[in-house]
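Each chain, written out:
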Amino acid sequence: MSTAAGAGAGAGADPAPGAGAGAGARAGRVVLVVEDEDSIRLTLRDYLRKKGHEVIVASDGVGAIKQILDNPVSLVVTDYRMDIFGGDYWIRFLREFCPKKKVIITSGFLQPEFPIPFPVVYKPYDYSELEGLIRRSLEET
């Protein structure tokens, strides 16, 4: 895994049932996974839940905004390239309107027109390394 500093409300969005007793769940901190590829979104959701995190999902930026408005999201793990409200506009939205939220960007292809103000994890990523970054980020809050 490489890191660099720097959806819809339908089938992709679901509320999390009671999660396990991990660091994220103990503190009541919710992780929002935003990913347009179903297999990645659901596999990452399941992996993080098994590690004890409270996780909700969205398949695009619009669904993510709904989840952020409806849930006490502490950290957003989001794909960069998504067909609906993704890319530079999504990053700018997170920077401008969600300044108190921790954000981790994932991408297999990243060519922003400006510096990314969040950690970036490049695909394919190791789920355990990503979970470690999530855990450390939540501990900082």
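Residues numbered from 1 in each chain as written. Predicted model: local features only at pLDDT ≥ 70, side-chain atom pairs only at ≥ 80, totals over all residues. Heavy atoms only, no water.

**Some points on the overall build of the protein**
(1) Moving on: Summing up its helical and strand segments, the protein has five helices and six strands in all.
(2) Moving on: Counted from the first residue to the last, the protein has its helices and strands arranged as β-α-β-α-β-α-β-α-β-β-α.
(3) Moving on: Out of the 141 residues belonging to the protein, those deemed buried represent 48%.
(4) Moving on: Here the protein displays about 7,000 Å² of accessible surface, and carbon together with sulfur accounts for 51% of that area. (Helix = DSSP H or I, 4+ residues; strand = E, 2+ residues; numbered from the N terminus. Buried < 20%, exposed > 50% of the residue type's maximum accessible area, 1.4 Å probe, protein only. Areas by Shrake-Rupley, 256 points an atom, 1.4 Å probe, with all protein chains shown as cover.)

**Focus: the pattern of salt bridges**
(1) Moving on: Counted according to the given criterion, the structure contains seven salt bridges.
(2) Moving on: Two residues, arginine 45 and aspartate 46, come together in a salt bridge whose shortest N-O distance is 3.0 Å.
(3) Moving on: Residue classification places arginine 45 among the buried positions, given a relative accessible area of 15%.
(4) Moving on: Its salt-bridge partner being lysine 123, residue aspartate 79 comes within 3.3 Å of it at the nearest N-O pair. (Salt bridge = Lys/Arg side-chain N within 4 Å of Asp/Glu carboxyl O.)

**Side note on the nonpolar core**
(1) Moving on: Leu32, Ile105 and Ile116 are the most contacted members of the largest nonpolar core, which totals 23 residues.
(2) Moving on: Elements that contribute at least two residues to this core include exactly β2 (30-34), β3 (54-58), α3 (61-70), β4 (73-79), α4 (87-97) and β5 (102-107).
(3) Moving on: Sequence-distant contacts of isoleucine 105, that is, excluding residues within four places in its chain, are made with Thr78, Tyr80, Ile91, Ile116, Phe118, Pro119, Val120 and Val121.
(4) Moving on: Core analysis: the second largest hydrophobic core is formed by 16 residues, Val57, Leu130, Ile134 and Leu138 among them. (Core = buried A, V, L, I, M, F, W, Y, C linked by side-chain atoms within 4.5 Å. Contact = heavy atoms within 4.5 Å.)

**Here we look at the packing of helix α2 (residues 38-50) against helix α5 (residues 127-139)**
(1) Moving on: Between α2 and α5, whose axes approach to 11 Å, the crossing angle comes to 65°. Between α2 and α5 the crossing geometry is right-handed. Packed against α2, whose contacting residues are Ile40, Thr43, Leu44, Tyr47 and Leu48, the element α5 presents Tyr127, Ser128, Leu130, Glu131 and Ile134 at the interface.
(2) Moving on: Here the contact of α2 with α5 is composed, by residue class, of seven nonpolar, two polar and one charged. (Axes fitted to C-alpha atoms, helices over the stretch in contact; angles between N-to-C directions. Left-handed = near helix turned anticlockwise from the far one by under 90°. Nonpolar A, V, L, I, M, F, W, Y, C, P; charged D, E, K, R; others polar.)

**Looking at the environment of isoleucine 84**
(1) Moving on: Inspection of the secondary structure assignment puts isoleucine 84 in the loop between β4 and α4.
(2) Moving on: Residues isoleucine 84 and serine 59, 25 residues apart in the sequence, show an inter-C-alpha distance of 8.7 Å.
(3) Moving on: With near-sequence residues (within four places) excluded, isoleucine 84 lies in contact with Asp60, Gly61 and Val62.

**A closer look at the pairing of β3**
(1) Moving on: Burial runs high along β3: four of the five residues are buried.
(2) Moving on: Alignment of β2 against β3, held across five bridges, turns out to be parallel. Across the sheet, residue valine 34 finds its bridge partner in β3, namely alanine 58.
(3) Moving on: Crossover connection from β2 via α2 to parallel β3: handedness right-handed. (Pairing = 2+ DSSP bridges. Right-handed = clockwise from strand over helix to strand, strands pointing away.)

**Some points on α3**
(1) Moving on: If you check which residues of α3 are buried, you get Gly61, Gly63, Ala64, Gln67 and Ile68. Mapping the buried residues of α3 onto a view down its axis gives an arc of 155°, with all of them on the same face. Seen from the open side of α3, the exposed residues pointing more than 90 degrees away from its buried face are Leu69 and Asp70.
(2) Moving on: For α3, the N-terminal cap is aspartate 60; the gap from its side-chain oxygen to the backbone nitrogen of valine 62 is 3.0 Å. (Arc of directions from axis to C-beta. Polar contact = N/O pair within 3.5 Å; in protein donor to acceptor, adjacent residues only side chain to side chain.)

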